[in-house]
Amino acid sequence: MRSMKIGIIGAGNIGGNLTRRLTALGHQVSVANSRGPETLAELAAETGATPVAASEAANGAELVVVTIPLKNLPDLPKDLLEGAAEGFVLLDTNNYYPQQRDGRIAAIEDEGLTESRWVERQLGHPVVKAFNGTYAQDILDAPRPAGDPERIALPVAGDDPAAKQVVRELIDALGFDTVDAGGIDDSWRQQPDTPVYGLRAGVEAVTKALAEASPERSAGFRG
């Protein structure tokens, strides 16, 4: 896969480990968090990524990854994506934890929006959903070559086939298989507390788990 310019907004467990792996694959990564670029000096020294303010993370990026607590999305700069490259892909790794972290979000609870459809509304751009049910440490420890029987598969949802393909190719390069999980209105199948969420398994088991999901949000994940 060719080298891309990638902006990562959020340097927690998922964002930090994606920064580590994507820089190791030769991508040019800019990374931002809520506390300012000076707090990312250690990650930058480790990986060669460029620490930036959140408002600058998307500048020139062909892929923008948003991996922050869902409740903080409305606080991102309104022009966050204006400087991104033409045709850029927006990757959403987020989850809605109403009782544990985010509080009640009416559009998700009352309108029945999937979490990623709500993310699209906040950011004003279509998203591809992936990595939301992935253990962060697996990004570092679980990659396997194509064809390995132990290779883990990740579900990927999105409405734009071309954008989804970019993400699937990137995940393949990271050492994981993928399963097409449908469009963003179908992405409830990979939300928290579904069979596929946190599942470490191959393509067949992930496909089966997606099919077995219920659209009914479980009590522990309702606000």
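Our subject is the structure listed above.
Note that this is a predicted model, so its numbers are computed, not measured. (Residues numbered from 1 in each chain as written. Predicted model: local features only at pLDDT ≥ 70, side-chain atom pairs only at ≥ 80, totals over all residues. Heavy atoms only, no water.)

Regarding its fold elements, the protein presents eight helices and eight strands. A globule of 223 residues ought to have a C-alpha radius of gyration of about 17 Å, and the protein, at 16 Å, matches this closely. With the C-alpha coordinates aligned to their principal axes, the bounding extent of the protein is approximately 40 × 40 × 30 Å. Buried positions account for 52% of the 223 residues belonging to the protein. Within the protein, residue pairs in contact and separated by at least 24 positions form 68% of the contacts whose partners lie at least 6 positions apart. Put simply, the protein shows about 10,000 Å² of open surface, and 47% of that area lies on carbon and sulfur atoms. The protein carries 21 positive and 32 negative side-chain charges, and their two centres are separated by 3 Å. (Helix = DSSP H or I, 4+ residues; strand = E, 2+ residues; numbered from the N terminus. Rg over C-alpha atoms; globule rule 2.2 N^0.38 Å. Buried < 20%, exposed > 50% of the residue type's maximum accessible area, 1.4 Å probe, protein only. Contact = heavy atoms within 4.5 Å. Areas by Shrake-Rupley, 256 points an atom, 1.4 Å probe, with all protein chains shown as cover. Lys, Arg positive; Asp, Glu negative; His and termini not counted. Charge placed at Lys NZ, Arg CZ, Asp CG, Glu CD.)

Across all of its chains, the model carries one cavity of 30 Å³ or more by this definition. Counted as a void, the largest cavity has a volume near 120 Å³. Lining the largest cavity we find 16 residues, and of these G133, T134, L154, G198 and L199 sit closest to its centre. Tallying contributions element by element places strand β7 (residues 153-158) first for the lining of the largest cavity, with three residues. In terms of residue class, the lining of the largest cavity is made up of nine nonpolar, five polar and two charged. (1 Å grid on protein atoms, 1.4 Å probe; cavity = no way out; pocket = protein on both sides within 12 Å on 5 of 7 lines; lining within 4 Å. Points joined across faces, edges and corners; volume = space filled by probe spheres on them. Nonpolar A, V, L, I, M, F, W, Y, C, P; charged D, E, K, R; others polar.)

Moving on, we get to the sheet that holds strand β2 (residues 28-32). Spatial ordering of the open sheet is given by β3-β2-β1-β4-β5-β6-β7-β8, a layout of eight strands whose pairing is mixed. Edge positions in the sheet fall to β3 (50-51) and β8 (177-180), since each has one partner strand and no second. Strand contacts of helix α1 (residues 13-24): β1 (5-9), β2 and β4 (63-66), with the helix running at about 165 degrees to β1, the strand carrying the most contacts. Across the sheet, helix α5 (residues 115-123) lies against β4, β5 (89-92) and β6 (128-129), angled at about 130 degrees from β5, the strand it touches most. (Pairing = 2+ DSSP bridges. Axes fitted to C-alpha atoms, helices over the stretch in contact; angles between N-to-C directions.)

Attention shifts here to the nonpolar core. Of all hydrophobic cores here, the largest spans 36 residues; its most connected members are V64, V66, L73, W118 and L123. Breaking this core down by element, the ones donating at least two residues are β4, α4 (106-109), α5, β7 and α8 (203-212). If we ignore the near neighbours within four places in the chain, the residues touching W118 are L70, L73, P74, I105, A107, I108 and L113. The next biggest cluster of nonpolar side chains, apart from the first, holds 30 residues, and it includes I14, L22, V65 and V128. (Core = buried A, V, L, I, M, F, W, Y, C linked by side-chain atoms within 4.5 Å.)

In terms of burial, β1 is a largely internal element, four of the five residues being buried. Two elements, β1 and β2, share five bridges in a ladder whose sense is parallel. Opposite I8, over in β2, you have V31 as the bridge partner. Handedness of the β1-α1-β2 crossover: right-handed. Pairing between β1 and β4: four bridges, direction parallel. Its bridge partner lying in β4, I8 is registered against V65. (Right-handed = clockwise from strand over helix to strand, strands pointing away.)

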